[in-house]
Amino acid sequence: MSDQTQSQTLLKGKLALVTGGSRGIGAAISRKLAASGATVLVNFAKSEKAASEVVAAIKEAGGAAHAIGGDVADPAQVKRMFETIDRQHGGKVDIVVNNAGVFLSGPLTDFSDADFEKTIAVNVRAVFLVAREAAKRMGQGGRVITIGSNLGERAIGAGMSVYTASKFAVAGLARGWAHDLAPRGITSNLVQPGPIDTDMNPADATVNPMAESMRQLVPAKRYGTGDEVASVVAYLASPAAQFVNGATINVDGGMNA
Ligand code: NAP
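Residues numbered from 1 in each chain as written. Predicted model: local features only at pLDDT ≥ 70, side-chain atom pairs only at ≥ 80, totals over all residues. Heavy atoms only, no water.

### Some thoughts on the overall build of the chain
The line we're drawing: The helix count covers DSSP runs of H or I at least four residues long, the strand count covers runs of E at least two residues long, and both are numbered beginning at the N terminus. Here the radius of gyration uses the C-alpha set of atoms, whereas the globule reference equals 2.2 Å times the residue count to the power 0.38. Burial classification: accessible surface area is computed with a 1.4 Å probe over protein chains only, and a residue below 20% of its type maximum counts as buried, one above 50% as exposed, and the rest as partly exposed. Between two residues, a contact is recorded if the distance between any of their heavy atoms is within 4.5 Å. His is not counted here, nor are the chain ends, while Lys and Arg score as positive and Asp and Glu score as negative. For the purpose of locating charges, the reference atoms are NZ of Lys, CZ of Arg, CG of Asp and CD of Glu.
A tally of helices and strands in the chain yields eight helices and seven strands. Radius of gyration (C-alpha) of the chain: 17 Å, near the 18 Å computed for a compact globule of 257 residues. Expressed as lengths along the three principal axes of its C-alpha atoms, the size of the chain is roughly 50 × 40 × 40 Å. Looking at the chain residue by residue over its 257 residues, the buried ones come to 49%. Considering only contacts within the chain whose residues lie at least 6 apart along the sequence, 72% involve residues at least 24 apart. In the chain, 25 positive and 23 negative side-chain charges are present, and the distance between their average locations comes to 6 Å.

Right under this line is the structure:
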C-alpha cells in the first residue's frame, strides 16, 4: 500500500464529530479527518450553508460526511444532537473534536454579564457536555481532542481575560480526562493554536486591528492556517498516537516558546 493510500485509510470505519465544523479551523479539521477515512459529522449552530459546503467538498473528494445542527452552548440541543447520532449513526462515536468557540473581548470594567456567560457556555460548558456524551459512546481507541488556545497558558494583552480564562479552563478539563478515560483505552489531548487566519482572527490587518501586533508576537512572523492545526488533530486521532495522552501541543509558530 502506498503511503498516500495508507493515510487515506488510517481512520476508516471511525465516526468523528467536530463541533463548529462549519467554518475556520473546524472546517479544516473536518476535511482532514475525512481525508484520513473517517466519516465526519460536521456540527454547526448558525452556519448551515457553510456546513453543507464542507460536507459537499468532502464528498467531492471521495470522503464521507454529514452536517449536524446543534448549538453546543445549549444543553438541550447537545442532548438532541446525540439522540440524532444514536438514531442515524448507530450511537458509537470514535473521535470527538471540541472545536466550537467564540472570542469576545473588552476591558474588565465594560465586559457584560451576557458576554461572560456566552464565553463560558460555548468555550467551557459545551466542551464538557459534548465530551461527556461522546465519551459514553466511545470504546477502546477513542479520542477526545480539545481545541484550546495558546492564550490558555499565557495572558498576552489587555481585553482578553475572559477568553483566556475559558481556555485555561479547557486545558484543565482535557488533562483531567486523560486520567478518567485512559482505563477505557481512550486518550484526551489538547491542541493550542496561536493566531490562525479565520473569521475569528483574520490575518488581514485592514479588517483586523490586532493582526499586525499578533503577527509580531509569533517568531515565525506569520499567521498559521486551519490546515496546520488540522494536521496535528489528525495525528492525535490516528492509531500512532495511542500512547499520547494528556498532552498539550501548541500550533503557534513558537509564540509561547
Ligand atoms: P471561527 O472562524 O469564528 O469559527 C467558529 C466555529 O465555531 C464556527 O464553525 C461556528 O459555527 C462554531 N460555533 C460557535 N459557536 C457555536 C455554538 N454555540 N455551537 C456550535 N458551533 C458553534 O473560529 P476559529 O478561528 O475557527 O476557532 C475555532 C476554535 O479555535 C475556537 O475554539 C477558538 O477559540 C480556537 N482558536 C482560534 C484561534 C484563531 O486565531 N483563529 C486561536 C486559538 C484558538 P456557526 O457559524 O455555525 O455558529
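### A closer look at the side chain of E133
Tracing the backbone through its elements, the reader meets E133 in helix α5 (residues 113-136). The exposure class assigned to E133 is buried, which follows from its relative accessible area of 14%. E133 has contacts with V78 and F82, leaving out every residue within four places of it along the chain.

### Describing the sheet that holds strand β1 (residues 15-18)
The condition is simple: What makes two strands pair is DSSP finding at least two bridges between them. Structural elements are reduced to axes, namely lines fitted to C-alpha atoms, with helices fitted over the stretch in contact, and the angle between N-to-C directions of any two is expressed from 0 to 180 degrees.
Ordered by their spatial adjacency, seven strands build an open sheet running β3-β2-β1-β4-β5-β6-β7, and the pairing between neighbours is parallel. Two strands bound the open sheet, and with one partner strand each, they are β3 (64-69) and β7 (248-251). Strand after strand, the sheet turns through a mean of 20° between neighbouring axes, direction not considered. Against the sheet, helix α2 (residues 24-35) makes contact with β1, β2 (39-44), β3, β4 (95-98), β5 (143-147) and β6 (187-193), and its axis sits at roughly 170° relative to β1, the strand it touches most. Lying over the sheet, α5 contacts β1, β4 and β5, oriented at roughly 180° with respect to β4.

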